[in-house]
Structure formats: C-alpha cells, structure tokens
Amino acid sequence: MLSQGSYKGKGKARSAPYSTEHDERMWTDIYEPTTEAELAVHKRKVEDVRRWLQEAFEGGPSGALKKYRVRDWVSPSGTAKTTTIRVLARDMGFEIMEWRNAVSEGFDTNRSFTDGADASRAWNFDPATEAPFSKFEAFLHRASSCQNLFTSRAGSSSKSQPARHIILLEDLPNILHPGTQAQFHAAIQGLVASSVSNPPVPIVIVISDAGVRGEAGDDRMGARAKASEGVVDVRTALPRDLLGGPYVTQIGFNPIAPTLLTKALQGLLTTHFGGSSQQPPSREMLDAVVESANGDIRSAIMALQFACVVQMVQQGKNKKGSNKGKGKSAVLEAVTRREQSLVLFHLLGKVLYNKRKSDPPSSSATAKDIQKEKAIDVKLKDPPKLPPWFSEHERRTSRVDVDMLYADSPIDSSLFSLYVHQNYPQFTDGVEECEGVADWLSWVDSSGGDAWYQANPHCFHLLALGTLHSLPSPIMRRNQKILKPSFFECLQKEKTAWEGVRDTRGWALGDSIKQGQRRTGWSHADVILELGGVLRARDAVRVTASLPRPPTSHRSFSSLRFVFGTQFGDGLVLDEKEVNPPVEHEEEEEILAARKDVETEGGWLDSDAIEEF
Amino acid sequence: MALWVDEFRPRSLDNLHYHEGLSARLKSLAASGDFPHMLFYGPSGAGKKTRIACTLRELFGPGVEKLKIDQRVFLSPSKRKLEINIVQSNFHIEITPSEAGNYDRVVIQELLKEIAQTQQVDLNAKQRFKAVIINEADSLSRDAQAALRRTMEKYMSNMRIILCANSTSRLIAPIKSRCLLMRVAAPSFEEMETVLNYVAKRAPFTLPPEAAKKIIDDSGGNLRKAILVLEALKMQSPDLSGPLAIAKPDWETYCHKVADLIVSEQTPARVMEVRAKFYELLSHCIPPTVILKVGHYRLFEFPHLIFE
C-alpha cells in the first residue's frame, strides 16, 4: 500500500481475513497520485501548469516576467485540480501554503503525500484576536513576503537555493458577502501591486465551477432592486481589471475523459487488489461507475469504493452464484444511480429532439444505439386510440420519460423553461408549431401566482410534456445549436439602462428641487417614453451655461438603433461539457456558517501547528 | 434652465389654461373646509399632476412649494433595506410606490401611519390635515391597495390622500368609492394650441401656426409630449419655419419595424429574430405594455390583415 507508512494506524485490527484492507480512509485519499504519470489529467494540461509554474518562479524564458502572478483555475469539481498542483509541488520541489477557513481543522498531518513536516501547512492565527478576514489578510501577507521559518530550517541542508513556495487558495473566504468580497479584491490587488520578493510567490486560486444558478424567476421580480450574484466564479473571486490584466492566467480543466478515467480506476484496482485474494469488481461495474461519474474522478473513486465494500460483505455472507449476481446488479444500481445527473445539454436534447416510438434512427447512430432504441421501443406501449374529435392530438408514444427527466434535471423548472424558450423555434417546421410551444410556455408562466409558494408544482412536467406534444416528430435535423438564454444578458442591460433612467430623471427633476421650487414628478415611464427627443436635441446643441447637459447615461435607454439580424444570443452556444447544477447557495451558506460557528467554538486545541516541534 | 414643461407650468388654479369647470370645482372644494380624498385620473400629459399641485397651493398656500427631498429607509419583511426618495413639504408628502417595487405595501403602510399619527403643529396652517400624494396609483399592488383602504378610513381626521392614476381600472373598488373621482381629460386641439402659444410667448419666440398644428397632431393629446417636442424642435431649428419633420422617438420606430418584421414573414427563424428585438426593447426599459400596444397599432395599419 502506498501510504501505509504515513498512516496513523488507528484502524481497528480485525480478525477478518482482509484486515489489511481496513484502512478507514477514503480511497481518494489513500491512492492520491504522487507522480505525474499517475495523474488522470491530460498530459498537455499538466504540461501547461508546469510551464506556468516555472515561468512564475523563474520569470519565463526571458527572465522579464518576474512578478507576482495570480493563477486562476476554474473547472468542474473532481477534475484533479488540487491533486495536480500537489503532484507538481513534489516534482518541482516547492511547498504549498494553503489557506483554510475552518479554524479547528488546523493541521492535517495525515495526508498521504506528506512525507515529512515540510509539505503542506495550514496557517492559522489566534481566532480570539483577529476577525476572520483580517486573519486571511495576514496570512496572505506573511505567506507572500516571509520565508517559512520551520521549513527552511528543516530543508536547508538539502537545498542550495531558498525554498520556493506557492500560495494555494482553495477555501476562499466568504466572497459572496459584498463587503468581504471587496476586501478580498483589495488584498489580492495589493499583493499584485507590491514589490517582488525573492523567490517570487505565485498564488494559485482553485475554483470549482458551480455553474449558473437557476433563479430566473427571482431575478425578474426584483429586476431593479437586486444585483446579487449567487455563485462563486472567477468574476466574483477576482476583480475585473485583474482578470483582464497581465498578472492573471486562467487555466480551465475539462472533466476527465472516460478513457483516462477507466485507466486510472483500473490502475487503482490493481494496486488495491494486487496483493489480496479478493476479486476486483467486474469490467461492466467499472464501466457503469465511469459512466455515472460525468468526468468527476473523485465521485468515481468514491462510487467504486462503495461498490467494492458492499461486494466484499456479500461475498463473505453467501457464496451462492445466483444470489450474488442479483445483489451485484442491485449494488450497481445503488452506486451509480444516485450520482447520475443529466448534463443540461442532454436534458435539452432529450426534450427538443422529441424522439418517439419507431422513429427512424439518426444517420450518425451506431449499431449499438439502434439496438438500444429498439429495446426502449419494445417496452413502450402504444397510446389508446383517441376519439375522432381529438385526432389532432394523436402522437406516437414518446421515448422520453418525463419523470426521469425531472428526477435527473440539473436545473430548476424556471431555468429549464428559459432554455426551452430560447431554443424551441429552431426545432419547429412552421409558426403553427411555434405557437403550440409558446402557448404551453405562457400557460406554465401564468399558472400559479407570483410568489414562490403559489407556484405551480407541476411546472416542469407541464413544460416538458407540452413541448414534446407541440414539437413535430420526427424533428428535421438541420444542425441546430442549443443556445444559452439571452434573457440574462438582456436583464443585465436593462439594469444599466434603469440606472440611466434614474440619472436622467434626477436631471429632469433635480436642480429645481434644490431651489425649493415646485415641480411635479416625472414618472419613470414619462422619462423613458417622452424625453428622448429633447435629450437628443440637448446633446446636439453646444453646451452653454444655461443649458446643463443631461447625463450621458441616458443613451442606455433613449437610443435604440434597429439592426436587421439578431443581436442577442449570437455565439452563446451551450457546450456539451457545461454542467449546470442548481445550487442553492443561500442555504448552503447558512449551513456553512452554522458549521463554522460550531467549529470555532471547539477549535484550536490539539491539532495545533506547533504540535510537531 | 429647466425644461419648458416644468418652467412654464401653471402654478395656481387661476392660471390653468383649460378645463375651467374642473378648476372652479377644485377651487370651491379647497375653500369648503371639507376636503375629501381624491383620485385624479386621465391620459398621460393631460395635466393631472399640474392640477394636483395647484390644488395643494390653493389648500395650503405658497408654503407647499417649499420642497425638500428625504431619503428614507424601510425594512422589507425579509429585513432587506429599501431606500426611497420622498419629496415633501411641511404640508404634504409625495410618493411614487413603484420605486419600492414589490414592497410597496410596506412603504405605504409605514409612511401613512407615520403621517397619520403626527398632528399638524403649525397653528397658522390653513388646514388641520396633511396631504399625501400617491403617484402612479394604478401600479400599486393588490396588497398595497388593501393596506391603503384601511388607512384611508382610520386616519381621515388628519390626513387626506390624493391619488393620481392613468386609469381607474386597476384600482380596487373600495378605494374608488372612498375617493372623489376627478377625470382630467386630454386637452382639445384648440386648448393645446393656446398652451403652445403661451409657451412660445414666454420663451419668447413666435410659433408659426403650421408648426403648432404639426406638433399637436403628432402629440395625440399629450400636452407634455407636445411641449417637449416643441422644445426639441426649437433647439434644432431655431426659426421653426419650413417643413418640419418631427422625429419619432427611437423606441417607437423600433416597435414599428418589429411589427413590419412580423408581417413580412412568418417562420420559426423570424420568431427568433422578433424575440431578439423584443429583448432589445425590454433591455431599454420600454414598458412591455407599451411595446405590445404600439406594435399592435402598427399591425392594424396593414389593410390585408384587417380584411382577411
């Protein structure tokens, strides 16, 4: 076993035959890759990261780029972002200084990659004296400007140059809070602007891409008042000018490809089962796990471990072949089912391509696909014949199981309806069919009240079924591209335009009220609809003292040029790889906050960083 | 320099240019000492707010024109802060509930309660009550209207409410029945001509009758629009002679072009295109009702659609 040496060894020694396997940690921790070859990440990506790190330390080929560098890493969870950096850290011989929010967690010595005291260190400061954010600031400052005292002493004998280290920010402070966010931005900016220490300390920020949050309904209602961003993404994590600036590099990781994932899992299994008499899980089990993981290697390994654990118990209990087979499939079901979620792209494809029983297979379908479709068709029952006066509603049975869609949907129904609304016209053959879908969309929107508790609970079903019913079948293939809703872009523009309206209204009302003179109010609508001509005329004439210029922001609403062709939605094609899970961040935050409270209360006792020395 | 609409706005009931009957009634109401809650309604640009302002002056005297702007903070039920600008004098207070968005009920309740519970302390004040002007009352939510209804009864002794709305159809019946309804109709052609000439005289310049006719025809009974157009035209071509081209506002032209798009072709691709145009309109804050209305009127101009 890879990590037996550093493992605490508290695992209960059992008399069971496979006691050696009873390492209580997760396989993800035990078998964390230690060399570059073991990484399941694409070689080129690793190379990218390595090059970046080299440049950051040595100032690039020309030596001129020696400056603080911030690197941003955005990708879905479980794509081995952190692992890559750790592996490279070992490889290239630098240390990682990592920030952790949780105070009580302190120092984790049990990480498998740690072979001594000098690898990763969580810096913690006394919780009683410093506010969480100032702690973070202090960490950032000290980590970037000071050498690590303990390590340089410990490692100085072997190293000729001063120890290199990077700052790894994975557990960011709560940047969803605007105040904290501003502080965070200021801290990062200050760091970038400050002078370079020797050796330079690059900062690596790892962000798991949570996708866009599905709260279209909410936004619409509070369109004017609300500007909150619910998601941690690059834009919230780093200030905009930095993102575009020379100091920040962004590297995105794709979900891990199935082939790589399979290879990695197989390697893991051979290591795990190599020395024991245990049967490794079957090939199809492995395939199912890989398929369900959606490129998330962490979840794949977890699922695999879970599957193996249950299997072992089963084997121990009975040896009867028939029972075992049955149990296996049940396990497989339980293991893979939970994790399986449809990627948004496929969800939309399922609804919009409207496949029905005995559709001719598509030209690109493989023999396997055709087989699969036939198997589905056999299970589908034909609908009862409708009476003649309903004949226009006659459809063949749909291959789409709406209940399953609902269960697996990564987005909520309001976001789903936005996507359907954006994309349906491409899939229709005439306006009549458009009308059908539009009808259903309106119907879904108007059923139920404005408030969330009045919402129609059957929105998703109504929408999916209505769309399926109204779309033609089979769908003409004409290279449709699934677009992202332009609604959000529009909303953003509208927000800026409203600011312009408010400014202009203030200008129209403004000065006279200061003089205490009576002036009847301009409503927003008056300003928008009637003031345009005067505004343009005022812009055109030369400025005189008697004619104050209206605020320039008025153009955001008053000037509207008609251009043929579409302006919204161009080039916003939804990518197959984009996963878009609806994450209720507010709730999550609350839980997180609550947890943090608990942790701070009890924290900072035995897992202190000093403990080791 | 302020806009002409504001600068030359009549400030007392006697100076109003049209609807003399209405002015006389308002005057006697203000003098009677038994001033009711009121609801002014009529098309936009007819002079509702001007009349309200004049009535207030008649009621309280010139002190009502000493305005100040207060920024007030209200707490929504979910403890969110709402900042709202409130225009007020010693005698009245003016609110536009649509600024509070979804939380207009909270704002209305808080504000009215506060006003209702303070007595007029100025002994020289002409009236015992304070006036509350609610602009755009037809955009009040149901909740807010219900809240308003109870307050109107309860605090009649030291508060009067003056509502201002485009139409009464979106106000609930109990509110309508508690108010004295005042319809301010759009001015006629001759009345508008008088006003435009009055503005021209004050500006001062001479307004050629053809220009006046053109402006009035274009305005559709909206006096504010007419005066704004006049000001814009005057700025562009100072002598106002020769053929005048009144440019339609951008959004209107845009709506018309969208309607033309709809008529010229009906395909799914066109559906996408038209939708993109609607998004563009919405993102310029054009109210959806206006978009639909203007678009439909344009559609009616295509005769083959009507006779089909």
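Values in this document were obtained by computation on a predicted structure and should not be read as measured data.

**Observations regarding the overall build of chain A**
- Scanning chain A from N- to C-terminus turns up 24 helices and six strands.
- Counted over contacts in chain A with a minimum sequence separation of 6, partners at least 24 positions apart contribute 77%.

**Some points on the interface of chain A and chain B**
- Counting residues at the interface gives 65 residues for chain A, matched by 57 residues for chain B.
- Summing both partners gives a buried area of about 5,400 Å² for chain A against chain B, and 62% of it is carried by carbon and sulfur.
- At the junction of chain A and chain B, the tally comes to four salt bridges.
- Notably, a salt bridge pairs B:Glu280 with A:Lys493, separated by 3.1 Å at the nearest N-O pair.
- On the surface where chain A and chain B come into contact, there are 10 residue pairs in polar contact (both at pLDDT 80 or more).
- Of all the elements in the fold, those that place two or more residues in the side of chain A that touches chain B are helix 17 (413-423), helix 18 (431-446), helix 20 (487-514), helix 21 (524-530), helix 22 (532-540) and helix 23 (555-558) of chain A.
- Take the side of chain A that touches chain B: its biggest share by element is 11 residues, from helix 20 of chain A.
- In terms of residue class, the side of chain A that touches chain B is built from 30 nonpolar, 22 polar and 13 charged.

**Things to note about the state of the cysteines**
- Within this structure, the stated rule accounts for zero disulfides over all chains.
- Of the cysteine sulfurs around A:Cys490, a residue in no disulfide, the closest is that of B:Cys285, at 9.4 Å.
- What makes A:Cys490 buried here is its relative accessible area of 2%.

**Describing the packing of helix 8 (residues 209-219) of chain B against helix 9 (residues 223-236) of chain B**
Residues and elements named next belong to chain B.
- At their nearest, the axes of helix 8 and helix 9 sit 9 Å apart, and the two run at 135° to each other. On the basis of their axis angle, the class for helix 8 and helix 9 is oblique. When the axes of helix 8 and helix 9 are compared, the crossing they make is right-handed. Seen from helix 8, the contacting residues are Ile215, Asp218 and Ser219; seen from helix 9, they are Lys225, Ala226, Val229, Leu230 and Leu233.

**Some thoughts on the pattern of salt bridges**
- For the structure on display, the rule yields 20 salt bridges over all chains.
- The closest approach of N and O atoms between A:Lys357 and A:Asp382, which form a salt bridge, is 3.7 Å. Taken together, the residues A:Lys357 in the loop between helix 14 (344-353) and helix 15 (367-379) and A:Asp382 in the loop between helix 15 and helix 16 (402-408) connect sequence positions 25 residues apart.
- Between B:Arg178 and B:Glu153 there is a salt bridge; the shortest N-O distance is 2.4 Å. Residue B:Arg178 is found in helix 6 (residues 173-178), and its partner B:Glu153 is found in helix 5 (residues 142-154); the two are separated by 25 residues along the sequence.

**Examining the sheet that holds strand 5 (residues 130-134) of chain B**
Residues and elements named next belong to chain B.
- The mixed open sheet is built from seven strands, whose spatial order is 2-3-4-5-6-1-7. The open sheet has two free edges, formed respectively by strand 2 (68-75) and strand 7 (180-183), since each of these has just one partner strand. Between one strand and the next, the sheet's axes are offset by a mean angle of 25°, whatever the strand orientation.
- Relative to strand 3 (residues 81-88), strand 2 is paired through eight bridges, and the arrangement is antiparallel. Bridge pairing in strand 3 places Leu75 opposite Lys81.
- Packing of helix 2 (residues 20-32) onto the sheet brings it into contact with strand 1 (38-41) and strand 7, and relative to strand 7 it is tilted by some 150°.

**Comments concerning the nonpolar core**
- A:Phe416, A:Trp522, A:Leu531, B:Leu3, B:Leu207, B:Leu230 and B:Trp251 are the most contacted members of the largest nonpolar core, which totals 91 residues.
- Setting aside residues up to four positions removed in sequence, A:Leu531 forms contacts with A:Thr504, A:Trp507, A:Ala508, A:Trp522, A:Asp526, B:Leu3 and B:Leu228.
- Residues A:Val41, A:Leu269, A:Ile297 and A:Ala303 belong to the second largest nonpolar core, which totals 39 residues.

What counts and what doesn't
- Residues numbered from 1 in each chain as written.
- Chains lettered and ligands numbered in written order.
- Predicted model: local features only at pLDDT ≥ 70, side-chain atom pairs only at ≥ 80, totals over all residues.
- Heavy atoms only, no water.
- Helix = DSSP H or I, 4+ residues; strand = E, 2+ residues; numbered from the N terminus.
- Contact = heavy atoms within 4.5 Å.
- Buried area = accessible area lost by both parts, 1.4 Å probe.
- Salt bridge = Lys/Arg side-chain N within 4 Å of Asp/Glu carboxyl O.
- Polar contact = N/O pair within 3.5 Å; in protein donor to acceptor, adjacent residues only side chain to side chain.
- Nonpolar A, V, L, I, M, F, W, Y, C, P; charged D, E, K, R; others polar.
- Disulfide = S-S within 2.5 Å.
- Buried < 20%, exposed > 50% of the residue type's maximum accessible area, 1.4 Å probe, protein only.
- Axes fitted to C-alpha atoms, helices over the stretch in contact; angles between N-to-C directions.
- Parallel < 35°, antiparallel > 145°, perpendicular 65-115°, else oblique.
- Left-handed = near helix turned anticlockwise from the far one by under 90°.
- Pairing = 2+ DSSP bridges.
- Core = buried A, V, L, I, M, F, W, Y, C linked by side-chain atoms within 4.5 Å.

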